[in-house]
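Spelled out from the first residue to the last, the chains are:
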Amino acid sequence: MTKPMIGIAPGTVVVDSQMFPGRKRDYVNREFLQSITDNGGIPLVLPVTMDEAAIARYVQLIDGLLLCGGHDVAPFTYGEEAQPKLGGIDPERDAYEIALIKATHAAHKPVLGICRGVQILNACYGGTIYQDVSYMPAGQGTLKHMQGQLAAYGMHNVTVTSGSTLAGYLGQTHLAVNSFHHQTLHKVAPGFKPVATASDQVIEAIESTTDGLQLGVQWHPEMMQQSDPVEAQLFGGFVAACAH
Ligand code: MN
């Protein structure tokens with residue numbers, strides 16, 4: 001059987017040291033690539049571009065799309081002004097990923113967003129984001145969501161909606177996940193539903209209501225999947241969905 005080709009939208013970084021400081025670089029942490037190869041797919045990194053013809057060709061080449069972690073989504077993307085605790089943004093990356101998500105969906109190919117990936121997926125379709133977890137209403141967002149170390153280990157529990165695509169991939173509805181996010185989803189985009197939440201009301205995953213083919217998680221399964229079979233099944237389920 002031919003392995004599915006999974007497109008990966010890279011992160012961006014401005015190199016501030018080394019021989020050529022100040023230059024922008026497209027990069028992908030090896031764990032994202034490894035998570036695809038470990039679970040039946042072939043990763044293909046898709047460099048940032050705003051060339052519509054290039055994006056259309058990318059989508060022809062791939063069977064599914066993986067969105068990685070990184071910058072905060074620019075608040076203008078979801079109709080808000082920047083608040084003091086907003087982190088670093090890259091509007092060029094936002095615009096590229098939104099165009100790529102829409103083109104991939106138009107071709108009926110699955111999307112998996114991770115961390116920033118679930119946030120840009122939500123913003124792409126009209127959802128909003130708390131620019132920092134501390135901006136949630138009093139009593140919410142009280143768990144530790146930035147664990148800072150030992151990324152292979154879960155930091156807080158999530159409850160996954162029974163019958164969701166995500167539950168089907170994971171094979172269970174209660175699990176501990178790692179947590180490396182200072183922002184959280186606020187309003188879920190029309191056409192999407194929350195499918196995993198933490199006990200402090202933080203939304204930890206969403207998926208498209210019609211078919212679950214567009215799915216995002218707030219945690220980092222790519223840093224857990226080599227030691228945690230449940231997180232490996234998340235990638236395995238996604239790659240299998242891309243094979244159809
Ligand atoms: Mn979390």
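Right, let's walk through the structure included here.

1. Overview of the environment of Gly216
At step 1: Structurally, Gly216 is set in strand β13 (residues 214-217).
At step 2: We classify Gly216 as buried; its relative accessible area is 0%.
At step 3: As for Gly216 and Val73, which are separated by 143 residues in sequence, their C-alpha atoms are 15 Å apart.
At step 4: Not counting residues up to four positions away in its chain, the partners in contact with Gly216 are Gly113, Val118, Leu121, Glu204, Ala205 and Ile206.

2. Remarks on the pattern of salt bridges
At step 1: Counted according to the given criterion, the structure contains 5 salt bridges.
At step 2: Between Asp90 and Lys24 there is a salt bridge, and its shortest N-O distance comes to 3.2 Å. Here Asp90 is found in the loop between β5 (64-67) and α3 (91-106), whereas its partner Lys24 is found in strand β3 (residues 23-27), with 66 residues between them in sequence.
At step 3: Residue Asp90 is classed as buried on the basis of its relative accessible area, which comes to 6%.
At step 4: For Arg116, the salt bridge identified is with Asp94, shortest N-O distance 2.8 Å. Of the two residues, Arg116 is situated in helix α4 (residues 116-124) and Asp94 in helix α3; the sequence distance between them amounts to 22 residues. Comparing Arg116 with Asp94, the two get one shared label, buried.
At step 5: Salt bridges here are not isolated pairs; linked through shared partners, they connect Arg93, Asp94, Glu97 and Arg116.

Calculation rules
Residues numbered from 1 in each chain as written. Predicted model: local features only at pLDDT ≥ 70, side-chain atom pairs only at ≥ 80, totals over all residues. Heavy atoms only, no water. Helix = DSSP H or I, 4+ residues; strand = E, 2+ residues; numbered from the N terminus. Buried < 20%, exposed > 50% of the residue type's maximum accessible area, 1.4 Å probe, protein only. Contact = heavy atoms within 4.5 Å. Salt bridge = Lys/Arg side-chain N within 4 Å of Asp/Glu carboxyl O.

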